[in-house]
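Structural overview
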Amino acid sequence: MLEDALRKLSLRAGLPGARVYDLSANALRAARDRDVSLGDRFALALPASWLVNSPASSAVMRRWALTPVREGWLELLLALDAATPTFATGAWKDVVRSAWPRLGDEPFLVEAASKLCALLVPDRVPLMPPPARAFVLGPETAEAGNDAATFIAMVDFLVLASHENDEDLRLVAEHHTEVPLSGPQVLDRLLWFDSEGHRHWKNPNV
């Protein structure tokens, strides 16, 4: 996946939606560092998630933004963003399992949830469209894997793989100057490229 990483990232950065999505994620990270509330950042992330083709409709977004679903989202996001020692215990998984049924029963929930969460917890949540899920977890998850277990498995993948390849990913991130990315974000963008993104370019050798 790391082969030709800078070229893949550069191609991706040429896509308007992908580029603005990455800039939005960086702005939301800066907002977090400036103590902007999670509730306010959540509201900003909802429309930004459309930049990478979130399948959630405006009606679904409205429901997510209102009580009581909003509270479920904030609970889930707080658990995912927990300090590293707390996160390492795996307690966040119980929170995800508890909050998940409150988010809705849309068949696209895993994908839409990931495209929202990856803006707010970018170092722990990858984008999870069907091709990415199939690439990591196997083809049977591409359509059927729409539950909390699939979401958790993809988070586990990003966190573990980013840790194992930390130095290489940070080096790629430092040399990719078109949009700011962290190491885990680099891995996620390369996962997207290798699982489906390459189809955006006609050249089969891209």
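To keep things clear, this report deals only with the structure shown in the data block. From a predicted model like this one, the values you see are computed outputs, not experimental measurements.

Before going further, it helps to examine the environment of Ala99. If you trace the backbone, Ala99 turns up in helix H7 (residues 91–103). When the C-alpha positions of Ala99 and Val69 are compared, they lie 9.0 Å apart, and in sequence the two are 30 residues distant. Residues within four places of Ala99 in sequence aside, it is in contact with Gly72 and Leu76.

What follows concerns the pattern of salt bridges. Side-chain pairing between opposite charges can occur once the charged atoms of the two side chains come close. Under the criterion given, the structure shown has 15 salt bridges. Note that Glu178 and Arg19 form a salt bridge whose closest N and O atoms lie 3.9 Å from each other. Remark: Arg19 occurs in helix H2 (residues 16–33) and Glu178 occurs in the loop between helix H12 (166–175) and helix H13 (183–195); sequence separation between them is 159 residues. In this structure, Asp94 and Arg97 form a salt bridge, with 2.9 Å as the shortest nitrogen-oxygen distance. Here Asp94 and its partner Arg97 are both found in helix H7, three residues apart, which amounts to about one turn of the helix.

The topology assignment puts Ser49 in the loop between helix H3 (38–48) and helix H4 (58–65). The buried category is assigned to Ser49, whose relative accessible area is 0%. A distance of 2.7 Å separates the side chain of Ser49 from the backbone oxygen of Leu46, its partner in a polar contact. Look past the residues within four positions of Ser49 in its chain and what remains in contact with it is Tyr21, Ser54, Met61, Lys115, Leu116 and Leu119.

This part covers helix H9 (residues 130–137). Taken residue by residue, H9 has Pro130, Ala132 and Arg133 as its buried positions. Down the axis of H9, the buried side of the element spans an arc of 160°, and every buried residue falls inside it. Directly beyond the C-terminal end of H9, a positive phi value near 110° is found at Gly138.

Another aspect to go through is unusual backbone geometry. The amide bond that connects Thr67 to the next residue, Pro68, takes the cis arrangement and shows omega of 5°. You can see Pro68 is positioned in the loop between H4 and helix H5 (69–80). Residue Asp4 is not a glycine yet carries a positive backbone phi of 60°. Residue class for Asp4 comes out partly exposed when judged on its relative accessible area of 42%.

Rules used in this analysis
- Residues numbered from 1 in each chain as written.
- Predicted model: local features only at pLDDT ≥ 70, side-chain atom pairs only at ≥ 80, totals over all residues.
- Heavy atoms only, no water.
- Helix = DSSP H or I, 4+ residues; strand = E, 2+ residues; numbered from the N terminus.
- Contact = heavy atoms within 4.5 Å.
- Salt bridge = Lys/Arg side-chain N within 4 Å of Asp/Glu carboxyl O.
- Buried < 20%, exposed > 50% of the residue type's maximum accessible area, 1.4 Å probe, protein only.
- Polar contact = N/O pair within 3.5 Å; in protein donor to acceptor, adjacent residues only side chain to side chain.
- Arc of directions from axis to C-beta.

By themselves, these observations are geometric and do not establish any function.
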